[in-house]
Amino acid sequence: MKVKKSGAIIEVDLHGLRTEDAEYRLLHLIDHAGPEITEILVIHGYSRGQALRDMVRETLSHPRIKSRLKTLNEGQTRLLLRKK
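The shown structure was predicted, so the numbers you read here are calculated from the model rather than taken from an experiment. (Residues numbered from 1 in each chain as written. Predicted model: local features only at pLDDT ≥ 70, side-chain atom pairs only at ≥ 80, totals over all residues. Heavy atoms only, no water.)

Trainee: Honestly, the overall build of the protein chain in this entry has me stumped. Any pointers?
Mentor: For the protein chain, the count of helices and strands is two helices and five strands. If you list the helices and strands of the protein chain from N to C, you get β-β-α-β-α-β-β. Of all 84 residues assigned to the protein chain, the portion counted as buried reaches 40%. Looking at the protein chain alone, contacts between residues at least 24 apart form 57% of all its contacts between residues at least 6 apart. A total of about 5,300 Å² of accessible surface is found on the protein chain, and carbon and sulfur atoms cover 50% of it. With 16 positive and 11 negative side-chain charges, the protein chain shows a spacing of 5 Å between the two charge centroids. (Helix = DSSP H or I, 4+ residues; strand = E, 2+ residues; numbered from the N terminus. Buried < 20%, exposed > 50% of the residue type's maximum accessible area, 1.4 Å probe, protein only. Contact = heavy atoms within 4.5 Å. Areas by Shrake-Rupley, 256 points an atom, 1.4 Å probe, with all protein chains shown as cover. Lys, Arg positive; Asp, Glu negative; His and termini not counted. Charge placed at Lys NZ, Arg CZ, Asp CG, Glu CD.)

Trainee: What am I meant to see in the environment of T71 here?
Mentor: Take T71: it is sitting in the loop between β4 (65-70) and β5 (76-81). At 2.7 Å, the side chain of T71 forms a polar contact with the backbone oxygen of N73. One polar contact links the side chain of T71 to the main-chain carbonyl oxygen of Q76, over a distance of 3.4 Å. (Polar contact = N/O pair within 3.5 Å; in protein donor to acceptor, adjacent residues only side chain to side chain.)

Trainee: How should the environment of K83 be read in this particular structure?
Mentor: Looking at the secondary structure, you find K83 in the segment after β5. Residues K83 and S67, spaced 16 residues apart in sequence, show a C-alpha to C-alpha distance of 13 Å.

Written as structure tokens, this is what we have:
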């Protein structure tokens, strides 16, 4: 998992992870994201299966997730976060 922070946005690349590992790591990241973080851009891919995309867009659950936004790139999803 590759993580890059740019201001109030964290970009995380889940390529190569199993769904369960990706979910655990995303939840850990959200738990430990500071109050200044307002968005997580998740790069999950789409051409080699849809399990990661479906987990991020449909089943991932955390109290800080305010909304999920699909991007024009099918391999990405934006998670907008509530204030801590």
